[in-house]
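This is what each chain is made of:
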Amino acid sequence: VAAAAAMGNSPRSPVDCNSKEELAKALARPGLKNVMIWLNHGKGFVLHDVIDALPRLSSLFLMLDSAGDGDTQALALALQENCTLTTLRLSKTIVGDDGVAALAAALEKNHTLNKLELEISVSARGAAALATALERSKTLTSLFIKVHSVCAEGAMVLAAALGENKTLTDLGLLFVRIDDEVAQFIPATLGRNAALTRLFFHGIYGESVRALAAALEKNETLTDLDLWNNDIGTEGAKALAAALERNTTLTNLSLYGNRIGDEGATAVAAALETNNTLTSLNLHGNDISDEGARALAAALEKNKSLTALDLEWNRIGAEGTRALVAAAFEKNATLTELDLRGNEMHILYIWRRSRLAFRVCSHLLYPLHFVFFLLFCHWFLQVCK
């Protein structure tokens, strides 16, 4: 009825449990510190046994399809007195107002938990409870929330709390469904946050992207920004590019899968010419062709900080590839990693200078592709000389 993995510090040693007795035995193992339960059809006895083992655990990861607010409240009550757990991850369990309120109360009394991951669907009441906990917690440094639904009032309250929070350094926000008007409340507050260094944000588009860009111009602590698979588009890329020209702290930026196109890539390239702090840029899957590649190549000739550029799965052809390779090898002095997998030249990977290596896609097994590849290798060796 349940499958659980009970692990010590290292290495991981999964245990399949199909009864209360088997789970209890697994949880009683000497030296047990970390527990992961990833499948459950008998939630009552699972949570009961996990709660009994809680005083010995430092990390707990629960993936419980059928858990509800009552289960979350029971777990939260145990957390109030717990002094060992540092990481709690609740996945596939959508926590409502009552469960969030219980967890919020636990966070105010618990002094060891520093990493929390949960999925929520709340009204203004649940959002207010979580906001209060974020304002009062002195130990929580990492928070990941998958938001299934939240009202505008709730988003505003959470945004205000995130803006004033002084302990969170790592924040992940994944909105399943959210209106643009609601989403923009969150990034607008980041300009006031003086502690956050890493931000993952999914579910933004339109005005919320522009709000994030405006916040990025003012923020002086953020070093990592991951905007994986949003709908930023050309205009959003332009707004973020303008922010990059002014921002002096961001070192890693991921725009993976955002359909920014050549126009967006050109705007980002223009920012790279003046930005001297960004070291890693991910433009994987953004519908960039030779035009955008040429702009990025020109930027590489002037940029003095970028060490990694990911251009996987775009539409870059021979002309764009030649421009990028020439800029990376002849003009740029800092780039060590240029990834062109999945583009029209079928190059899998390029690693610069003394560590240079090519891996060839299966497409090159076709004779015509292989001929073109040999010609490219000949040209490339000439460039390297």
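Residues numbered from 1 in each chain as written. Predicted model: local features only at pLDDT ≥ 70, side-chain atom pairs only at ≥ 80, totals over all residues. Heavy atoms only, no water.

A. Broad picture of the overall build of the protein chain. When helices and strands are counted, the protein chain shows 14 helices and 15 strands. Out of the 385 residues in the protein chain, the part that is buried amounts to 53%. The contacts in the protein chain between residues at least 6 apart in sequence include a share of 79% that link residues at least 24 apart. Total accessible area on the protein chain is roughly 17000 Å²; 54% of this is exposed by carbon and sulfur atoms. (Helix = DSSP H or I, 4+ residues; strand = E, 2+ residues; numbered from the N terminus. Buried < 20%, exposed > 50% of the residue type's maximum accessible area, 1.4 Å probe, protein only. Contact = heavy atoms within 4.5 Å. Areas by Shrake-Rupley, 256 points an atom, 1.4 Å probe, with all protein chains shown as cover.)

B. Structural context of the packing of aromatic side chains. Per the counting criterion, the structure on display carries three aromatic pairs. Through a chain of ring-to-ring contacts, the aromatic side chains of Phe144, Phe200 and Trp228 assemble into a single cluster. Geometry around Phe61 places Arg89 over its ring, the cationic atom sitting 3.9 Å from the centre. (Phe/Tyr/Trp six-rings, centres within 6.5 Å; stacked < 30°, edge-to-face > 60°. Lys NZ or Arg CZ within 6 Å of the ring centre and 35° of its normal.)

C. Structural view of the pattern of salt bridges. Taken as a whole and judged by the stated rule, the model has 17 salt bridges. Note that Asp287 is salt-bridged to Arg315, the shortest N-O span being 2.6 Å. Of this pair, Asp287 sits in the loop between strand E12 (280-282) and helix H12 (290-302) while Arg315 sits in the loop between strand E13 (308-310) and helix H13 (318-331), placing them 28 residues apart in sequence. For Arg315, a relative accessible area of 38% translates into the label partly exposed. Here Asp339 and Arg341 are joined by a salt bridge, their closest N and O atoms 2.7 Å apart. Residues joined in a network through salt bridges with shared partners are Asp97, Asp98 and Arg125. (Salt bridge = Lys/Arg side-chain N within 4 Å of Asp/Glu carboxyl O.)

D. Layout of the packing of helix H11 (residues 261-272) against H12. Put simply, H11 and H12 touch, their axes get as near as 8 Å, and they point 0° apart. Of the possible angle classes, the one that applies to H11 and H12 is roughly parallel. Packed against H11, whose contacting residues are Asp262, Ala265, Thr266, Ala269 and Leu272, the element H12 presents Glu291, Gly292, Ala295, Leu296 and Ala299 at the interface. Of the residues assigned to the contact of H11 with H12, the class counts are six nonpolar, two polar and two charged. (Axes fitted to C-alpha atoms, helices over the stretch in contact; angles between N-to-C directions. Parallel < 35°, antiparallel > 145°, perpendicular 65-115°, else oblique. Nonpolar A, V, L, I, M, F, W, Y, C, P; charged D, E, K, R; others polar.)

E. Region of the structure containing the nonpolar core. Formed by 113 residues in total, the largest nonpolar core has its most connected members in Leu60, Leu311 and Leu324. When residues no more than four places from it in sequence are discounted, the contact partners of Leu60 are Val35, Val50, Leu54, Leu75, Leu85, Thr87, Leu88 and Arg89. (Core = buried A, V, L, I, M, F, W, Y, C linked by side-chain atoms within 4.5 Å.)

F. Structural view of helix H5 (residues 124-136). Over its 13 residues, H5 extends 18 Å from the first C-alpha to the last, a length consistent with the 18 Å expected when each residue adds 1.5 Å. Every buried residue belonging to H5 is among Ala124, Gly126, Ala127, Ala129, Leu130, Ala131, Ala133 and Leu134, and all of these are buried. Of the surrounding secondary structure, the elements contacted by the buried residues of H5 are helix H4 (97-109), strand E6 (115-121), strand E7 (142-149) and helix H6 (152-164). (Expected span 1.5 Å × (residues − 1).)

G. Here's a closer look at the packing of H5 against H6. Taken N-terminus to C-terminus, the directions of H5 and H6 make an angle of 5°; their axes are 8 Å apart at the nearest point. Relative to H6, the element H5 lies roughly parallel. Between H5 and H6, the contacting residues are Ala124, Ala127, Ala128, Leu130, Ala131, Leu134 and Glu135 on the first element and Glu153, Gly154, Val157, Leu158, Ala161 and Leu162 on the second. Here the residues of the contact of H5 with H6 are counted per class, giving ten nonpolar, one polar and two charged.

H. Inspection of H4 at higher detail. With 13 residues, H4 extends 19 Å between its outermost C-alpha atoms, agreeing within 8% with the 18 Å of an ideal straight helix rising 1.5 Å per residue. The complete set of buried residues in H4 reads Asp97, Gly99, Val100, Ala102, Leu103, Ala104, Ala106 and Leu107. For H4, the elements touching its buried residues are helix H3 (69-81), strand E5 (87-95), E6 and H5.

I. Fine view of the side chain of Ser59. Tracing the chain through its elements places Ser59 in strand E4 (residues 59-63). By relative accessible area, Ser59 is classed as buried at 19%. Apart from the residues within four sequence positions on either side, Ser59 is in contact with Lys33, Asn34, Val35, Leu85 and Thr87.

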